[in-house]
Amino acid sequence: MVSLVAVGLPATQTEPIAAALRRTVVAPLVSLQQSSERWRSAWAASGAQQLRADSLALAGIKQKALEVENSQLRALLGLGSRLQWGFVPAEALHSTAPIPSEELVQTVTITAGSNVGIKKFSPVVSSDGLVGQISSADPTTSIAMLYSHADFRASAMTADGNAFGIVYPHSAAARRGAEGYLLELRGVPARDTIAPGTLLVTSGLGGVFPRGVAIGTVVSGMTTNEVWTHTYLVRPAVNPSRMTSVFVLTAQRATEGTGNVWSAAGGASDATLKRIVAAGDSLAKQAATLEAAARRATLDSLRRATIDSMRRVLGVPVAAPTDTMAVRIRRDSLRADSVRRATAPPPAGGRAPVRPPGTPPATPPATPEIP
Amino acid sequence: MNWTSTVRTIIVCLILVVFHYTLRPLLAWRASVDFLIVALLLGSVRLRPGYAAVYGFFLGLVADSLGATGFGVAAFGMSLVGFAASWLKAVFFADNLALNGFFLFLGKWVFDLIFLIVGRGLHGAELAMQIFVWSPLSAAVTAVAGVLALSILRPLMEVRTQ
């Protein structure tokens, strides 16, 4: 009977009873239910959070790769601005399937061919230095033989021009992993000693590579059976496994040389970077100035509207602007004759103003009719 | 029923009530387990019909206070179910798990019937769907959960024979 009465009661009367129960007797059960539902929502959200974390990790990996690519392209951009002419930009496509017999990258495919002037033996360079040379050129693609290839040779010298030699890929017995990309500078006369850390560049002898392309730095001397010459181990300036974009030098550029391009690479790229940062700063400053001006204009208009409304409420007539920019602009924009007409209107009654004899009438002459 | 068995029954019913407000939201099944009905039937078969109705009324008030609408409907339904369970205990209740499961199924389904007809104001196809699909499903799940609970809590339970 009591429960039937409770069913029949209106909500306004039953709700206080329910609330009192929730606050007192049922309070522990309410907290238990809340905890359970919180656990359930946490359980349901954990999957989504895991997905989000995975997505963030993936985005982080991609961002790292983009940063690397961005820095490489920026360096290449600097090299292009220094070279100015005589080169073909292209992408280096690495083979997706590794060749079991080859642990090192020895050739890459270049996305430019004979259609744009690439020929066999054209030098391939990157922003860091020498990459290799073209071994075969198709109309749209080419195959480049890298310096790690067993057949690669290049005439080299120290950056100061004191010592000369021939660069070979490092001996096959030691070609494992990162060490496989080392080079050997052979045939250096015994009287010339090269200190570790010395920069090696192409000498231009032989006519394949232009003079001055960076090859690498000397690591140490090597012990060989040769008596009259020395051999040095050289760490290349370019890592082929990370290379994505290259320049192929044209024949004319290879003949005429590249000058001191790679020696000044660091400074020039820094200058480019500074210019980019400065441009970004100036854009940010300009945007901030515009935003501040817009904010000032909004505040002015708000203040003016408030003052006008206050004046209207108080019954004070709104004063005409006396020295505002708008008035000055309006006065300046009027022509002098129109101002004169506005200040001296023709009198009513049809009487023309008195004018001295001999002067032309004030009204403009009638426009001649066009037949 | 001596005081020891009374205390045991109270403990088991409290455990079932706690299950109702912890396990049920955690599982969040569409056809959910009603541990309150299990607690009601387990308690009612050990009480006289009048006391069982009062017990059902208070359990229903707890359910009503946490429900969104229809205050008093669960109290009414549980009073009726508790009274009927206590009255019919001699017929149905025995130390047989299958029979106990059927008893739980029937109690839950009758309670849902009362709850839906008195409290919800459903009509037509929707009411039929609730009565003949979802309520039996929920009653079946409740019966299974009740039988499991009885099996687990058997050491604590003592069946009234008189």
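Residues numbered from 1 in each chain as written. Chains lettered and ligands numbered in written order. Predicted model: local features only at pLDDT ≥ 70, side-chain atom pairs only at ≥ 80, totals over all residues. Heavy atoms only, no water.

Draft legend 1. Focus on the interface of chain B and chain A. Residue-level contacts link 20 residues of chain B with 19 residues of chain A. Of the roughly 1700 Å² buried between chain B and chain A on both sides combined, carbon and sulfur atoms contribute 78%. Joining chain B to chain A, the criterion identifies 0 salt bridges. Connecting chain B to chain A are 4 residue pairs in polar contact (both at pLDDT 80 or more). A per-element tally of the side of chain B that touches chain A places helix α1 (residues 3-27) of chain B first, with 7 residues. Of the residues that constitute the side of chain B that touches chain A, the class distribution is 16 nonpolar, 4 polar and no charged. (Contact = heavy atoms within 4.5 Å. Buried area = accessible area lost by both parts, 1.4 Å probe. Salt bridge = Lys/Arg side-chain N within 4 Å of Asp/Glu carboxyl O. Polar contact = N/O pair within 3.5 Å; in protein donor to acceptor, adjacent residues only side chain to side chain. Helix = DSSP H or I, 4+ residues; strand = E, 2+ residues; numbered from the N terminus. Nonpolar A, V, L, I, M, F, W, Y, C, P; charged D, E, K, R; others polar.)

Draft legend 2. Region of interest: the packing of aromatic side chains. Residue and element names in this part refer to chain B. What the rule picks out here adds up to 5 aromatic pairs over all chains. Arranged with centres 5.6 Å apart and planes meeting at 70°, the rings of Phe19 and Phe35 form a pair that is edge-to-face. Within this pair, whereas Phe19 is found in helix α1, its partner Phe35 is found in helix α2 (residues 35-44), the two being separated by 16 residues in sequence. For Phe35, a relative accessible area of 6% corresponds to the buried category. On the numbers, 5.8 Å between centres and 35° between planes, the contact of Phe111 with Phe115 is tilted. Here Phe115 and Phe111 lie together in helix α5 (residues 97-120), a separation of 4 residues that amounts to about one turn. (Phe/Tyr/Trp six-rings, centres within 6.5 Å; stacked < 30°, edge-to-face > 60°. Buried < 20%, exposed > 50% of the residue type's maximum accessible area, 1.4 Å probe, protein only.)

Draft legend 3. Geometry of the sheet that holds strand β5 (residues 142-146) of chain A. Residue and element names in this part refer to chain A. The sheet built from 6 strands closes into a barrel, its strands ordered β1-β2-β5-β4-β3-β12 with antiparallel pairing. Each adjacent strand pair in this sheet contributes to an overall mean axis angle of 40°, direction not counted. Bridge analysis of strand β3 (residues 123-125) against strand β12 (residues 245-249) gives 2 bridges, and the strand direction is antiparallel. Counterpart to Val125 in the pairing with β12 is Phe247. (Pairing = 2+ DSSP bridges. Axes fitted to C-alpha atoms, helices over the stretch in contact; angles between N-to-C directions.)

Draft legend 4. Structural view of helix α3 (residues 27-83) of chain A. All names here are of chain A. A rise of 1.5 Å per residue sets the reference length of α3, with its 57 residues, at 84 Å; its end C-alpha atoms lie 80 Å apart and thus fit the reference within 8%. Considering bend angle alone, the principal kink of α3 is centred on Ser46 and spans about 30°. Here α3 has its buried residues at Leu29, Ser36, Leu76, Gly78, Leu79, Gly80, Arg82 and Leu83. (Expected span 1.5 Å × (residues − 1). Bend = angle between axes of the 7 residues up to and from the residue.)

Draft legend 5. Molecular detail of the nonpolar core. Judged by nonpolar contacts, the single largest core of 46 residues is most densely connected at A:Ile110, A:Leu130, A:Leu185 and A:Met243. The greatest single-element share of this core, amounting to 4 residues, is contributed by β12(A). (Core = buried A, V, L, I, M, F, W, Y, C linked by side-chain atoms within 4.5 Å.)

Draft legend 6. Expanded view of the packing of α1(B) against α2(B). All names here are of chain B. Two numbers describe how α1 lies on α2: the axes approach to 8 Å, and their chain directions differ by 170°. With respect to α2, the element α1 is oriented roughly antiparallel. Contacts from Thr9, Val12, Cys13, Leu16, Val17, Phe19, His20, Tyr21 and Leu23 in α1 reach Phe35, Leu36, Val38, Ala39, Leu42 and Gly43 in α2. Tallied by class, the residues present in the contact of α1 with α2 amount to 12 nonpolar, 3 polar and no charged. (Parallel < 35°, antiparallel > 145°, perpendicular 65-115°, else oblique.)

Draft legend 7. Focus on the confidence of the model for chain A. Residues and elements named next belong to chain A. Per-chain confidence: chain A averages 76 in pLDDT, with 75% of residues scoring 70 or above. Under a pLDDT of 50 for its full length, residues 322-356 has, in the predicted model, 5 contacts with residues more than four places off or in other chains. Taken as a whole, residues 362-371 scores under 50 in pLDDT and shows 0 contacts with residues more than four places along the chain or in a different chain. (pLDDT = per-residue confidence, 0-100.)

Draft legend 8. A look at the sheet that holds strand β8 (residues 183-189) of chain A. Strands sit in the order β6-β7-β8-β11-β10-β9 (chain A) around a closed barrel of 6 strands; the barrel is antiparallel. Looking at each pair of strands side by side, their axes are set apart by 40° on average, direction ignored.

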